[in-house]
Amino acid sequence: MHPILRTVLQRLGLGLLTLFIVSLVIFSSLEMLPGGYAENILGQGATPETVANFKHELGLDRPATVRYVEWITNAARGDFGYSYSGAGGSIKRSVTGVIAPRLYNTFFLALMAAVIAVPLSLLLGVTAALYRNSLYDRIVNSTTLTTIATPDFLIAYILMFFFAIKFRWFYSLSTVSETTPFLEHIYRGALPAITLTLVIVAHMMRMTRAAIINLLASPYIEMARLKGLPKMTVVLRHALPNAWAPIVNV
């Protein structure tokens, strides 16, 4: 199996395992809390019969292990059940219906940031490694270190102040829906995407630079140089493919 594919599959597997453990911990913690969901929703004036009927309707009168296994099985098929959160718990809403638009917006924003950040960080990382210890390398390193040391929310506020309030190029707060046109969706998500890009580029650029510099001292790189290959060719064709593993982790 290709190393990149193996790394991606390992990370996905660890992510699923983490989600399973988190769901188990949260479910167990809620079960150990005093009181009950039915009593909280119906209030203290509810009769025992009303509470019992409500628990039966929600399935809360069954053993906790049975309910968890049923939930995790349905969740694996994409059915996350129903939520009573909001409006005092009086409204029953599909969890999938609540999550789906937010999940779409999250992935859309992440994709926008990745499309910009990945090529940019690779370019900066490779060129910084090629011109190591030069003025260009120092400027790039100083800028990325500053970005890493600055909290994400502070970067967002600074960008909002200049690009949304000062120059009015973007929205300071924007809302998108299913009816929002694609180009308008991109425009409204530009400012948060730029914020994410700055953070991602800082980390990935430094990882790329470190990996390339480490590989440039390898014997096979020295052999490629002795053959008279251009420096850029040596980096792109021989060093970069072997530096993918740490970059993929980022």
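These lines cover the structure that appears in this document, whether it is placed above or below. Predicted, not measured: the structure shown is a model, and the values here were computed from it.

As for the overall build of the chain
Part 1 of the argument: Assigned secondary structure in the chain consists of 12 helices and 2 strands.
Part 2 of the argument: Moving toward the C terminus, one meets the helices and strands of the chain in the order α-α-α-α-β-β-α-α-α-α-α-α-α-α.
Part 3 of the argument: On C-alpha atoms alone, the chain measures out to a radius of gyration of 26 Å, which is more than a quarter above the 18 Å that the 2.2 N^0.38 rule sets for 250 residues.
Part 4 of the argument: Reported as C-alpha extents along the three principal axes, the dimensions of the chain are approximately 85 × 50 × 35 Å.
Part 5 of the argument: A sequence separation of at least 24 residues applies to 59% of the contacts in the chain between residues at least 6 apart.
Part 6 of the argument: Distance between charge centroids for the chain: 19 Å, based on 20 positive and 12 negative side chains.

Quick look at the packing of aromatic side chains
Part 1 of the argument: Applying the stated rule across the entire model yields 12 aromatic pairs.
Part 2 of the argument: Their ring planes at 85° and their centres at 5.9 Å tell us that phenylalanine 108 and phenylalanine 182 sit as a pair that is edge-to-face. Pair noted here: phenylalanine 108 is in helix α5 (residues 95-130) and phenylalanine 182 is in helix α8 (residues 182-188), with a separation of 74 residues, a long-range link.
Part 3 of the argument: Considering the side-chain rings of phenylalanine 161 and phenylalanine 162, the 5.1 Å spacing of their centres and the 85° angle between planes classify their relative orientation as edge-to-face.

Regarding unusual backbone geometry
Part 1 of the argument: Phi is positive for asparagine 133, close to 65°, though the residue is something other than glycine.
Part 2 of the argument: Note on asparagine 133: relative accessible area 51%, which makes it exposed.
Part 3 of the argument: The phi dihedral of arginine 168 is positive, around 60°, even though this residue is not glycine.
Part 4 of the argument: Tracing the chain through its elements places arginine 168 in the loop between α7 (152-166) and α8.
Part 5 of the argument: We classify arginine 168 as exposed; its relative accessible area is 68%.

Description of the pattern of salt bridges
Part 1 of the argument: Across all of its chains, the model carries 4 salt bridges by this definition.
Part 2 of the argument: Measuring nitrogen to oxygen at the nearest pair gives 2.5 Å for the salt bridge that ties arginine 62 to glutamate 70.
Part 3 of the argument: Residue arginine 188 is joined to glutamate 184 by a salt bridge in which the shortest nitrogen-to-oxygen separation is 3.0 Å. Of this pair, arginine 188 and glutamate 184 both sit in helix α8, 4 residues apart, which is roughly one turn of the helix.

What about α7?
Part 1 of the argument: Under the 1.5 Å per step criterion, the end-to-end length of α7 is 20 Å for 15 residues, consistent within 8% with the ideal 21 Å.
Part 2 of the argument: Most pronounced at methionine 160, the bend in α7 amounts to some 30°.
Part 3 of the argument: What α7 keeps buried is the set Ile155, Leu159 and Ala164.
Part 4 of the argument: Just beyond α7, the residue with positive phi is arginine 168, at close to 60°.

Notes on the nonpolar core
Part 1 of the argument: Counting 15 residues, the largest nonpolar core has Val126, Ile212, Leu216, Ile221, Val235, Ala239 and Ala243 as its most contacted members.
Part 2 of the argument: Only α5, α9 (190-216), α10 (219-226) and α11 (231-239) provide two or more residues apiece to this core.
Part 3 of the argument: Sort the elements by how many residues they give to this core and α9 lands first, with 5 residues.
Part 4 of the argument: Sequence-distant contacts of alanine 243, that is, excluding residues within four places in its chain, are made with Ala211, Ile212 and Leu215.
Part 5 of the argument: Membership of the second largest hydrophobic core comes to 6 residues, among which are Ala117, Ala128, Val201 and Met205.

Thoughts on the side chain of arginine 209
Part 1 of the argument: Within the secondary structure layout, arginine 209 lies in helix α9.
Part 2 of the argument: Once residues within four sequence positions are removed from consideration, arginine 209 is found in contact with Gly125, Ala128, Ala129, Arg132, Asp137 and Asn141.

A closer look at the environment of leucine 5
Part 1 of the argument: Within the secondary structure, leucine 5 sits in helix α1 (residues 3-32).
Part 2 of the argument: Along the primary structure leucine 5 and valine 248 are separated by 243 residues, whereas in three dimensions their C-alpha atoms are 9.8 Å apart.

What about the packing of α10 against α11?
Part 1 of the argument: With their axes 10 Å apart at the nearest point, α10 and α11 run at an angle of 140° to one another. Between α10 and α11, the crossing angle belongs to the class labelled oblique. Read as a crossing pair, α10 and α11 show a hand that is right-handed. Listed contacts from α11 to Tyr220, Ile221, Ala224 and Arg225 of α10 are Val234, His238 and Ala239.
Part 2 of the argument: Of the residues belonging to the contact of α10 with α11, the class tally is 5 nonpolar, 1 polar and 1 charged.

Conventions used here
Residues numbered from 1 in each chain as written. Predicted model: local features only at pLDDT ≥ 70, side-chain atom pairs only at ≥ 80, totals over all residues. Heavy atoms only, no water. Helix = DSSP H or I, 4+ residues; strand = E, 2+ residues; numbered from the N terminus. Rg over C-alpha atoms; globule rule 2.2 N^0.38 Å. Contact = heavy atoms within 4.5 Å. Lys, Arg positive; Asp, Glu negative; His and termini not counted. Charge placed at Lys NZ, Arg CZ, Asp CG, Glu CD. Phe/Tyr/Trp six-rings, centres within 6.5 Å; stacked < 30°, edge-to-face > 60°. Buried < 20%, exposed > 50% of the residue type's maximum accessible area, 1.4 Å probe, protein only. Salt bridge = Lys/Arg side-chain N within 4 Å of Asp/Glu carboxyl O. Expected span 1.5 Å × (residues − 1). Bend = angle between axes of the 7 residues up to and from the residue. Core = buried A, V, L, I, M, F, W, Y, C linked by side-chain atoms within 4.5 Å. Axes fitted to C-alpha atoms, helices over the stretch in contact; angles between N-to-C directions. Parallel < 35°, antiparallel > 145°, perpendicular 65-115°, else oblique. Left-handed = near helix turned anticlockwise from the far one by under 90°. Nonpolar A, V, L, I, M, F, W, Y, C, P; charged D, E, K, R; others polar.

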